[in-house]
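Listed below, chain by chain, are the residues.
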Amino acid sequence: IIEGIRDHNRLAVSGCTGSSKTMAEAMALLWWLMSFDVARVITIAPSLRQVEMNAWGYAKTLYRNARVPLGGDFLTTNWKIKDDLYAIGFSTDDPEKIKGIHGKNDLILLDDAQGIQQNIFDALRNAMAGGNTHMAMFFNKNIVSGECYDAYHSKRKLYHVISIRAEDTPNVKQGRIVIPGMITKEFVDESIDTFGKDSNYVRVMVRDEFPTE
């Protein structure tokens, strides 16, 4: 995922539940600011709760546990190293608040992107116009319309895509807890038994496929 952000302007990362998408997003936040003298990371999620608890929650843990001090002031949804080197997270449904995002080295991270309105994506398109700007969206394939769906279909040429199925993850591959917090073989079996192997729930949450409706 980090290499995908590095090598492509637009990255779409979909995955089963518990596939570490959000942890990778948090890692990307810290990595980007450590890679430039002048840079910004902007994270957007459908709700403020998701901003605070998801990517920024993991990022705070990574920041505190870093092997070397990363510097700056790390707050709930803001990490400022200096005036032109910082990260900020917010939630909005107003595209006017997106306008003006143009920087020398910008990374835009979209968490639970399937819940972000299309007009926000339309506004972000202008941010891609200049500078070294990269955008990565992280989501579950639980809808059959919008930017996340289009990234795998009508806009496929614009996006580098990464898909994470339950069977790709270490816990499911080995049938034991390798990484706590990630999806387990027991959850996969329970989901299939409860909803059926061809159900939309299993398609989305286990196999990382779009639902049939």
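First things first, this report covers the structure right here in the doc. The model shown is predicted, which means the values in this text are computed figures rather than measured ones.

**Examining the layout of surface pockets**
- Considered as a void within the structure, the largest pocket measures approximately 380 Å³ in volume.
- Elements represented by at least two residues in the lining of the largest pocket include exactly helix H2 (21–33) and strand S7 (132–139).
- Considering each element in turn, the lining of the largest pocket owes the most residues, three residues, to H2.
- Per-class residue counts for the lining of the largest pocket are seven nonpolar, eight polar and three charged.

**Quick notes on the packing of aromatic side chains**
- A complete count under the given rule lists 10 aromatic pairs for this structure.
- Aromatic side chains Trp 31 and Trp 32 sit 5.7 Å apart centroid to centroid with 75° between the ring planes, which places their arrangement in the edge-to-face category.
- With relative accessibility at 2%, the residue Trp 32 sits in the buried group.
- On the basis of an interplanar angle of 75° and a centroid distance of 4.9 Å, the ring pair of Tyr 149 and Phe 210 is categorised as edge-to-face. Pair noted here: Tyr 149 is in helix H6 (residues 147–151) and Phe 210 is in the segment after helix H9 (200–205), with a separation of 61 residues, a long-range link.
- An aromatic cluster of at least three residues, connected via ring pairs, comprises Trp 56, Tyr 63, Phe 74 and Trp 79.
- The ring centre of Tyr 152 lies 4.0 Å from the NZ or CZ of Lys 141, which sits over that ring.

**Thoughts on the pairing of strand S4 (residues 78–82)**
- Bridging between strand S3 (residues 73–74) and S4 involves two bridges; their strand directions are antiparallel. In the sheet register, Phe 74 faces S4, and the bridge partner there is Trp 79.
- Counted along the chain from S3 to the antiparallel partner S4, the turn is three residues long.
- Bridging between S4 and strand S5 (residues 85–90) involves four bridges; their strand directions are antiparallel. Bridging across to S5, Lys 82 finds its partner in Leu 85.
- Connecting S4 to the next strand, S5, in antiparallel fashion are two residues.

What counts and how
Residues numbered from 1 in each chain as written. Predicted model: local features only at pLDDT ≥ 70, side-chain atom pairs only at ≥ 80, totals over all residues. Heavy atoms only, no water. 1 Å grid on protein atoms, 1.4 Å probe; cavity = no way out; pocket = protein on both sides within 12 Å on 5 of 7 lines; lining within 4 Å. Points joined across faces, edges and corners; volume = space filled by probe spheres on them. Helix = DSSP H or I, 4+ residues; strand = E, 2+ residues; numbered from the N terminus. Nonpolar A, V, L, I, M, F, W, Y, C, P; charged D, E, K, R; others polar. Phe/Tyr/Trp six-rings, centres within 6.5 Å; stacked < 30°, edge-to-face > 60°. Buried < 20%, exposed > 50% of the residue type's maximum accessible area, 1.4 Å probe, protein only. Lys NZ or Arg CZ within 6 Å of the ring centre and 35° of its normal. Pairing = 2+ DSSP bridges.

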